[in-house]
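Here's the letter readout for the chains.
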Amino acid sequence: MKVKSSFILFLVFVVTISQSSFVTDKPSELAKLMKQMLAYIQQEKKQIENNQTALPFPTNLQKVSKAKITAGKKLVNEHEKYVRNFFQKLDVYNSTNDSSERVVSFNLMVSSCVTCHKQECPGPIQVIEKSLFKE
Ligand code: HEC
């Protein structure tokens, strides 16, 4: 009997530990979307360099607005404004065809990733800025 109950306690302990974010450390919904957005701008830069048509964007405004963020991280009051601003720059980018205008509107779109990141999540800024076309 004693052995049994301590075994159950042990099981409860293992399950609790393995489910805590401390151990699993799964990326948040927003972090997953952001990774796809980074992959998109990196690939899209190549599309422009090779004069190929724009790829579909991997997510949308609703999903980005609603996505859960990593526990402990904070969004600023203007978060929605930054989200809308980004998607507006993306629309402008998608409506330009001329190759020099495409470079300009692409840079504006990538800069609006950075504008939000300066407020909410400075870590990836350098990686994001690598996708900018140098003037
Ligand atoms: C409205 C603000 C905002 C905009 C716009 C934005 N981001 Fe983010 N980004 C965030 C926040 C907040 C996080 C942290 C998410 C979390 O940890 O839950 C993040 C996280 C990331 C990450 C780290 C993901 C990881 O592995 O944890 C990358 C990379 C990233 N963003 C790239 C981009 C790129 C590229 C763009 C533009 C195409 C962009 N972001 C636009 C707010 C923004």
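Above this note sits the structure.
Residues numbered from 1 in each chain as written. Predicted model: local features only at pLDDT ≥ 70, side-chain atom pairs only at ≥ 80, totals over all residues. Heavy atoms only, no water.

S.K.: Please clarify how the site of the ligand should be interpreted in this entry.
M.R.: By nearness alone, 24 residues border the ligand, and Met34, Thr70, Cys113, Cys116 and His117 come closest of all. For the ligand, an oxygen atom lies 2.6 Å from a polar atom in the side chain of Ser28. With respect to the ligand, the side chain of His117 contributes an N or O atom lying 2.7 Å from a nitrogen atom. Where the shell around the ligand is concerned, the elements lending two or more residues are α3 (29–49), α5 (79–94) and α6 (99–120). Ranked by the residues each element gives to the shell around the ligand, the list is headed by α3, at seven residues. Residues that form the shell around the ligand fall into these classes: 16 nonpolar, five polar and three charged. (Near = heavy atom within 4 Å. Polar contact = N/O pair within 3.5 Å; in protein donor to acceptor, adjacent residues only side chain to side chain. Helix = DSSP H or I, 4+ residues; strand = E, 2+ residues; numbered from the N terminus. Nonpolar A, V, L, I, M, F, W, Y, C, P; charged D, E, K, R; others polar.)

S.K.: Any chance you could explain the coordination of the iron atom of the ligand here in plain terms?
M.R.: Six octahedrally arranged donors around a metal ideally form angles of 90 or 180 degrees; four tetrahedrally arranged donors ideally form angles of 109.5 degrees. Taken together, the protein ligands of the iron atom of the ligand are Met34 (SD) and His117 (NE2), with distances of 2.0 to 2.2 Å. Seen from the iron atom of the ligand, its six donor atoms lie at angles of 84 to 178°, and the figure they make is octahedral. With Met34 in helix α3 and His117 in helix α6, this pair connects stretches of sequence that are 83 residues apart. For His117, a relative accessible area of 11% puts it in the buried group. (Donors = N, O, S within 2.8 Å, 3.2 Å for Na, K, Ca; no water. Tetrahedral: all angles 85-135°; square planar, octahedral: opposite > 155°, others 65-115°. Buried < 20%, exposed > 50% of the residue type's maximum accessible area, 1.4 Å probe, protein only.)

These values are about where atoms sit, not about what they do.
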